[in-house]
Amino acid sequence: MLRRKYLSLGLGELAAALVFAVVAALVVAPGLGGGSGSIALWSALIPLLVILVQAGVYWLAARSWVEHRPMPAAWAGVYRVFRAADPVMLALGLLGVIAWWPDSVGAALVVSAIWLFGLLEYVNYFVVRLAYPVATWIATIGQWRTPRLVRDLRTAPLERA
């Protein structure tokens, strides 16, 4: 049962990354007319895409250990690096957004929303769970649950040098 759910979650995150990239490249970036607006767009979008791909790979990989054993040490090591590196990547993306702030208000709102969504995805995977089914979101968001990835990291054996 969980393997099927994790397959769906993994493919969903990878599909989301692909859709964001395609829409940005084919619709949003051309609408910004190149220049600083496009650089701001990609500064915001690249961290989001990286986090979505990390999440998709995590869910797909977790299918091999879910309900059987803890997260393998090698996978845990990789995701511990992501947990530390992603905030740096998000900060650099924010600096890019600020440095190449779009000229139009609409573009600035779109770029800001994209960057904020990347931040929320990071929080959802590495800080506190934010994603719940719509019907239970109000009732469960205030419980401040630990994300599944963090629980896997806590139970994973430490990698030996």
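Up top is the structure these notes are about.
A brief report on the enclosed structure follows. (Residues numbered from 1 in each chain as written. Predicted model: local features only at pLDDT ≥ 70, side-chain atom pairs only at ≥ 80, totals over all residues. Heavy atoms only, no water.)

### Some remarks on helix α2 (residues 36–62)
The first and last C-alpha atoms of α2 sit 39 Å apart over 27 residues, in line with the 39 Å expected at 1.5 Å per residue. The element α2 is largely enclosed, with a buried count of 19 among its 27 residues. (Helix = DSSP H or I, 4+ residues; strand = E, 2+ residues; numbered from the N terminus. Expected span 1.5 Å × (residues − 1). Buried < 20%, exposed > 50% of the residue type's maximum accessible area, 1.4 Å probe, protein only.)

### Notes on unusual backbone geometry
Backbone geometry places E67, a non-glycine residue, at a positive phi of 65 degrees. Tracing the backbone shows E67 in the loop between α2 and α3 (73–99). When its relative accessible area of 62% is taken as the criterion, E67 is described as exposed.

### A few points about the nonpolar core
Soluble globular proteins tend to bury their nonpolar side chains together. Judged by nonpolar contacts, the single largest core of 34 residues is most densely connected at Y58, M71, Y79, F126, L149 and L153. Where this core is concerned, the elements lending two or more residues are α1 (2–32), α2, α3, α4 (105–126) and α6 (148–155). Here this core takes 13 residues from α2, the largest share from any one element. When near neighbours in sequence (up to four residues on either side) are disregarded, F126 contacts Q54, Y79, F82, R83, D86, P147, L149, V150 and L153. (Core = buried A, V, L, I, M, F, W, Y, C linked by side-chain atoms within 4.5 Å. Contact = heavy atoms within 4.5 Å.)

### Quick word on empty space enclosed by the protein
A probe matching the size of a water molecule, rolled over the atoms, marks out where space remains unfilled. Scanning the entire structure with this criterion turns up one cavity of 30 Å³ or more. If you add up the space inside the largest cavity, you get close to 40 Å³. Along the walls of the largest cavity sit I51, Q54, A55, Y79, Y125, F126 and L149, which together make up its complete lining. Elements with a contribution of two residues or more to the lining of the largest cavity: α2 and α4. Examining the composition of the lining of the largest cavity, we find that three residues originate from one element, α2, more than from any other. (1 Å grid on protein atoms, 1.4 Å probe; cavity = no way out; pocket = protein on both sides within 12 Å on 5 of 7 lines; lining within 4 Å. Points joined across faces, edges and corners; volume = space filled by probe spheres on them.)

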